[in-house]
Amino acid sequence: MTTPNSTYIECSGLFKIYKAADLEVVALRGLELTVDSGEIIAIVGASGSGKSTLLNILAGYDAPSAGTIRVGSYDLLQMTNREVVEYRRHEVGFIWQETSRNLFPYLSALENVELPMVISGAPRPERTQRARELLDVVGLADRADHKPAQLSGGEQQRVAIAVGLSNQPPLLLADEPTGELDDETGEEILELFNTVNTEIGTTIIIVTHNMQQAARVSQRTAFFHLGQVVEYGRTSDSFTNPLEERTKDYITGRYG
């Protein structure tokens, strides 16, 4: 359990090393990061900077190599297989950039939102009620019976957010959630993240390469470079008065 504004995620000296044949790729290099409960933060950086690697570890899809990483009461470096299942089922929701990865095409919007609760064993009346409530939160109560092919890309991402929130996880992760959407629809999805954060209190981490989107939605922004956080602070300060040359380079488009 966490309380508002308490430290919820803590990464200290975090390493992730991938091995392929005789090669080692260091994706995270002693990364340091803390996130408070109830925050929205953006992770920004060039391709290969470690953004998605950290998100996959936080989602329970990958395991760290060394260091410390805690999410709530979970120690992600020490979890058993059973604890990983429990963690992924109840602690965290995940939204992919590719809308097709978030939803089952043969299920309706309502059934997609219900599915995580089915897996968790929630009674039918309870899961149907919650699914309808979540579709209402994301503005799609009238599209509950539509399948993904009958929804626009933005509507599919709205349903994906509802799916991610299905089991009431305290943490929601989004990997480039507006990458396949046009600018106007992307703005609507970002506004929805703010709504979810305000109304439900969910901690949200959004990976993006879009500086304007990071500035619009996040309270703090972490700039990644070669597997490390090179600058982390209030989003407004990071954009108007960056302290790191590498952050300035990214903001002005000189790399990335």
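Residues numbered from 1 in each chain as written. Predicted model: local features only at pLDDT ≥ 70, side-chain atom pairs only at ≥ 80, totals over all residues. Heavy atoms only, no water.

Considering helix H6 (residues 153-164)
So, step 1. Compared with the 16 Å implied by 1.5 Å per residue over 12 residues, the 16 Å span of H6 between its first and last C-alpha is a close match.
So, step 2. Counting buried residues in H6 gives 11 out of 12 residues, a clear majority hidden from the surface.
So, step 3. Residues Gly154, Glu155, Gln156, Gln157, Arg158, Val159, Ala160, Ile161, Ala162, Val163 and Gly164 constitute the buried set of H6.
So, step 4. On its buried face, H6 is in contact with strand E6 (92-95), helix H3 (99-102), helix H4 (109-120), helix H5 (124-137), strand E7 (171-175) and helix H7 (183-200). (Helix = DSSP H or I, 4+ residues; strand = E, 2+ residues; numbered from the N terminus. Expected span 1.5 Å × (residues − 1). Buried < 20%, exposed > 50% of the residue type's maximum accessible area, 1.4 Å probe, protein only. Contact = heavy atoms within 4.5 Å.)

Concerning the side chain of glutamate 39
So, step 1. Along the chain, glutamate 39 falls in the loop between strand E2 (23-36) and strand E3 (40-45).
So, step 2. A polar atom in the side chain of glutamate 39 sits 2.8 Å from the backbone nitrogen of aspartate 36.
So, step 3. Engagement of the side chain of glutamate 39 in a polar contact is seen with the side chain of arginine 220, the distance being 2.6 Å. (Polar contact = N/O pair within 3.5 Å; in protein donor to acceptor, adjacent residues only side chain to side chain.)

Considerations on the sheet that holds strand E1 (residues 7-20)
So, step 1. Judged by pairing direction, the sheet is antiparallel, and its 4 strands sit side by side in the order E2-E1-E4-E5 without closing on themselves. Since the sheet does not close on itself, it has two edges, and those belong to E2 and strand E5 (74-75), each with one partner. (Pairing = 2+ DSSP bridges.)

Some remarks on the layout of surface pockets
So, step 1. In this structure, the largest pocket encloses a volume near 690 Å³.
So, step 2. If you go around the largest pocket, you meet 24 residues; those closest to its centre are Tyr61, Arg88, Phe94, Pro116 and Val163.
So, step 3. Here the residues of the lining of the largest pocket sort into 15 nonpolar, 6 polar and 3 charged. (1 Å grid on protein atoms, 1.4 Å probe; cavity = no way out; pocket = protein on both sides within 12 Å on 5 of 7 lines; lining within 4 Å. Points joined across faces, edges and corners; volume = space filled by probe spheres on them. Nonpolar A, V, L, I, M, F, W, Y, C, P; charged D, E, K, R; others polar.)

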